[in-house]
Amino acid sequence: MPEITEAAEAQDHLKLKEDEQLDDLQNGFFIIQGRKNFRYGMDAVLLADFARAGTDEKVLDLGTGTGIVPVLLAARGKGAHITGLEIQERSADMAERSVAYNHLEEKINIVRGDMREAASIFGAASFDVVTCNPPYMIGGHGLTNPDPALAAARHEICGTFRDFAAVTEKLLVPHGRFYLIHRPFRLAEIMDTLREFHLEPKRMRLVYPFIDREPNLVLLEACRGGNARLTVEKPLIVYREAGIFTDEIRAIYGDGR
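Residues numbered from 1 in each chain as written. Predicted model: local features only at pLDDT ≥ 70, side-chain atom pairs only at ≥ 80, totals over all residues. Heavy atoms only, no water.

Enquirer: I would appreciate a short explanation of the packing of aromatic side chains in the present structure.
Expert: The geometry of two aromatic rings is summed up by the distance between their centres and the angle between their planes. What the rule picks out here adds up to six aromatic pairs. Taken together, a centroid distance of 5.2 Å and an interplanar angle of 25° make the contact between Y239 and F245 stacked. Relative to Y253, the ring of F245 has its centre 5.8 Å away and its plane inclined at 15°; by these criteria the two rings are stacked. Per residue, the accessibility class of F245 equals that of Y253, and both read buried. Through a chain of ring-to-ring contacts, the aromatic side chains of F210, Y239, F245 and Y253 assemble into a single cluster. In this structure, K58 is placed above the aromatic ring of F127, and the distance from its NZ or CZ to the ring centre is 5.5 Å. The aromatic ring of F50 is capped on one face by R203, whose charged end is 3.9 Å from the ring centroid. (Phe/Tyr/Trp six-rings, centres within 6.5 Å; stacked < 30°, edge-to-face > 60°. Buried < 20%, exposed > 50% of the residue type's maximum accessible area, 1.4 Å probe, protein only. Lys NZ or Arg CZ within 6 Å of the ring centre and 35° of its normal.)

Here's what the structure looks like:
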């Protein structure tokens, strides 16, 4: 079977660890991720679809994890070059091997480092576009995973949203764009923080699990030094009914599911 062949090839050439697997993104590319943990979710897919990056623009993905957003951006032909910055060694290692497996070394590079030091790592005004799927929870929200790496993916342990906004202002060229996905319950705080760092909200799209439920995700585009005008796009509905994606979600995934 093709899946077994691909996994065997990855095992030989990329040294898949015992708890890792190679997953087909159904777009010609593959991603290495954990069998149980270090797995990407729909939020990364939605962010890569929502973000805009021209073929002459440099992109940085802050807190790239296993590199799913850079790989998806590359699959969509977005950006001239994409850099993923990741502080966790395990995730960065998987991201590097995924880039190599997909032969994307000329398009994507993975850098290990703290996003709070990104301006020192790359220099000011180094990118046209910054993307980010940050931890959604502050310290007091929900249960914290006992695994430090997994806790950092969900809670603001390695940096707050304010840290992400502050460093993004430094990293973007004038009128560069910041794309992020977050939770609507923090929307007022997010808007205030973006504006504090001269990142003017320009586009917003709310994501609803079902048409009759409240939104559980929000996609945002902000422009460094932009004028005050916000476009609210039509809602994105995930499920037509339990377990059945809407046509738009199927189109975003691009795999006919």
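Enquirer: Could you clarify how one ought to interpret the packing of helix α7 (residues 161-171) against helix α8 (residues 187-196) in this entry?
Expert: Between α7 and α8, the least distance of the axes is 9 Å, while the angle of their chain directions is 30°. Judged on the interaxial angle alone, α8 and α7 are roughly parallel. The chirality of how α7 crosses α8 is right-handed. Residues F161, R162 and A165 of α7 form the contact with α8, whose participating residues are I190, T193, L194 and E196. (Axes fitted to C-alpha atoms, helices over the stretch in contact; angles between N-to-C directions. Helix = DSSP H or I, 4+ residues; strand = E, 2+ residues; numbered from the N terminus. Parallel < 35°, antiparallel > 145°, perpendicular 65-115°, else oblique. Left-handed = near helix turned anticlockwise from the far one by under 90°. Contact = heavy atoms within 4.5 Å.)

Enquirer: I keep staring at the pairing of strand β4 (residues 81-86) and nothing clicks. Help me out?
Expert: Side-chain positions along a regular strand alternate between the two faces of the sheet. Burial runs high along β4: five of the six residues are buried. Bridge count for strand β3 (residues 58-62) against β4 is five bridges, and the pairing is parallel. Paired with L62 across the bridge in β4 is L85. Regarding the hand of the β-α-β motif, the stretch spanning β3, helix α3 (residues 68-75) and β4 is right-handed. Here five bridges tie β4 to strand β5 (residues 108-112), and the two strands are oriented parallel to one another. In the sheet register, T83 faces β5, and the bridge partner there is N109. At this point the chain moves from β4, through helix α4 (residues 89-101), to the parallel β5, and the crossover so formed is right-handed. (Pairing = 2+ DSSP bridges. Right-handed = clockwise from strand over helix to strand, strands pointing away.)

Enquirer: Help me out: how do you make sense of unusual backbone geometry in this one?
Expert: When glycine is set aside, most residues are seen to have a negative phi, and most peptide bonds are trans. We note that A125 has phi near 50°; this positive angle belongs to a residue other than glycine. With respect to the helices, strands and loops of the structure, A125 is situated in the loop between α5 (118-122) and β6 (127-132). Owing to a relative accessible area of 37%, A125 belongs among the partly exposed residues under this scheme. A positive phi angle is found at H175, which is not glycine, with a value near 70°. Mapped onto the secondary structure, H175 falls in strand β7 (residues 172-182).

Enquirer: Just to check I follow, could you spell out the environment of R229 for this structure?
Expert: Here R229 shows up in the loop between β9 (217-224) and β10 (231-232). For R229, a relative accessible area of 65% corresponds to the exposed category. Along the backbone, R229 and E200 are 29 residues apart, and their C-alpha atoms lie at a distance of 8.1 Å. For R229, the contacting residues outside a window of four places in its chain are E200, P201 and K202.

Enquirer: Can you walk me through the side chain of T66 in this structure?
Expert: Among the structural elements, T66 can be located in the loop between β3 and α3. Look at T66 and you get buried, because its relative accessible area is 6%. Those residues in contact with T66 that lie beyond four places of it in its chain are I31, I32, F38, S91, M94, A95 and S98.

Enquirer: Explanation requested: the side chain of D43 in the structure shown.
Expert: Along the polypeptide, D43 turns up in helix α2 (residues 42-50). Of the side chains with opposite charge, R183 lies nearest to the buried D43, which makes no salt bridge, at 6.3 Å. At 3.5 Å, the side chain of D43 and the side chain of N133 are in polar contact. When neighbours within four sequence positions are excluded, D43 is seen to be in contact with N133, Y136, I181 and L217. (Lys, Arg positive; Asp, Glu negative; His and termini not counted. Salt bridge = Lys/Arg side-chain N within 4 Å of Asp/Glu carboxyl O. Polar contact = N/O pair within 3.5 Å; in protein donor to acceptor, adjacent residues only side chain to side chain.)

Enquirer: I'm lost on the nonpolar core in this one. Help?
Expert: Generally speaking, a soluble globular protein has its nonpolar side chains buried in company with each other. With 39 residues, the main nonpolar core has L46, I108 and I249 as its most contacted residues. Going through the elements one at a time, α2, α3, α4, β5, β7, β9 and α9 (247-253) are the ones with two or more residues in this core. Here this core takes seven residues from α2, the largest share from any one element. (Core = buried A, V, L, I, M, F, W, Y, C linked by side-chain atoms within 4.5 Å.)

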